[in-house]
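Observations on the model geometry
This is what each chain is made of:
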Amino acid sequence: MRLVWPLINAAQALFTVVWSALWIPVALFASLVTRDRRVGLAFARRAWSPGILWAAITRLELEGNERFTGGGPYFFVANHQSWLDVPALFVALRRPVLFVAKRELARVPFLGRYIGAMGMVFIDRSHRQDSARSVGQATDRLQQGWSVVSFPEGTRSRDLEVHPFKTATFAAAIEAGVPVVPVAIDGTGRALPPEGWHPRPGLIRVLFGEPIPTAGLARADRAALAERTEKEVRALLARLRG
């Protein structure tokens, strides 16, 4: 198998590139023609993401997501183990959602164009002004009725544990007055570790917690809100692991 897996991984990488190069332009064109971002996001949810998870030879188990198919908007906050977290959440959330993405993804061919065209939020937490502007954009999206997904650890976890949440994006949920939904993801880090491209078959599990209300909170409460959400995500992850 040590000789077979490099060939399988190469085929998976090729499929991922070709699949993305196919569906991203289709999604962009459909959104342009219909003048509706929801159409482009539907392609990501119904075609691109299932294909990526299939190529990674993963199974997806969901719990609690059925409560968030309607209503909203919500500010979904998840731990971050792997690049596969994004397609897993696209599939899990059966509604149009926008992600908070690292600024450097804007330079990735196809992907950067798609992220920007869909109205997702680029953020560079190392620059205060850029971070503040991004928080403002996230607030606008929430006030417009969009649900937003954030990975407040800021980067993928190498040890598959939950690391301290950065507080900036929680200000967006407070300013918009929308509930924060803690989400735990497990299995993506084993299926596709952060280092290199070596996918392995596995089970991905996603568990949604109870919404945390933000009504009555002030911007100064964002650190306490981040801490509470982090604790909830840790508890959900422990529950997934039994």
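Bear in mind that the values here come from a model prediction, so they are computed numbers and not experimental data.

What follows is about the sheet that holds strand 4 (residues 121–123). Across the sheet, seven strands lie side by side as 1-7-6-2-5-3-4; this open sheet has mixed pairing. Single-partner strands in this sheet number two, and they are strand 1 (58–63) and strand 4. Averaged over all pairs of adjacent strands, the angle between strand axes in this sheet comes to 25°, irrespective of strand direction. Examined bridge by bridge, strand 2 (residues 75–78) and strand 6 (residues 180–186) share four bridges and lie parallel to one another. Bridge assignment links phenylalanine 76 to a residue of strand 6, and that residue is valine 181.

This brings us to unusual backbone geometry. At the junction of glycine 72 and proline 73, the peptide bond is cis and its omega measures out at 5° in the coordinates. Considering the arrangement of structural elements, one finds proline 73 in the loop between strand 1 and strand 2. Even without glycine at this site, arginine 35 takes up a positive phi of about 55°. With respect to the helices and strands, the residue arginine 35 is situated in the loop between helix 1 (4–34) and helix 2 (37–55). Unlike most non-glycine residues, isoleucine 57 shows phi in positive territory, near 55°. Secondary-structure assignment places isoleucine 57 in the loop between helix 2 and strand 1.

Let us look at the pattern of salt bridges. The full count for this structure, using the stated rule, is 10 salt bridges. A salt bridge links glutamate 175 to arginine 219; its shortest N-O distance comes to 3.4 Å. Note that glutamate 175 is positioned in helix 6 (residues 170–176) and arginine 219 in the loop between strand 7 (202–208) and helix 8 (222–240), a separation of 44 residues in sequence. Judged by its relative accessible area of 37%, arginine 219 is partly exposed. A salt bridge links aspartate 186 to arginine 190, with the shortest nitrogen-to-oxygen separation between them at 3.2 Å. Accessibility expressed as a relative area gives 6% for aspartate 186, which makes it buried. The partly exposed category is assigned to arginine 190, whose relative accessible area is 48%. Sharing partners across several salt bridges, the network here consists of Glu161, Asp186, Arg190 and Arg241.

Here is what the cut-offs are and how they apply
- Residue numbers restart at each chain and count upward from 1, following the sequence in its written direction.
- Residue-level local features of this predicted model are given only where pLDDT is at least 70; pairs of side-chain atoms are given and counted only at 80 or more, and the full residue set underlies all totals for whole chains, interfaces and linings.
- Excluded from the side-chain calculation are hydrogens and water; included are all heavy atoms of the structure.
- At least two DSSP bridges between two strands are needed for those strands to be called paired.
- Strands are runs of DSSP state E lasting at least two residues, helices are runs of H or I lasting at least four, and both sets are numbered from the N terminus onward.
- To obtain each axis, a line is fitted to C-alpha atoms, and for helices this fit is confined to the stretch in contact; angles are then taken between N-to-C directions over 0 to 180 degrees.
- Think of a salt bridge as a Lys or Arg side-chain nitrogen and an Asp or Glu carboxyl oxygen that are within 4 Å of each other.
- Whether a residue is buried, partly exposed or exposed follows from its accessible area with a 1.4 Å probe, protein chains only, as a fraction of its type maximum: under 20%, in between, or over 50%, in that order.

On their own, these measurements won't tell you what the molecule is for.
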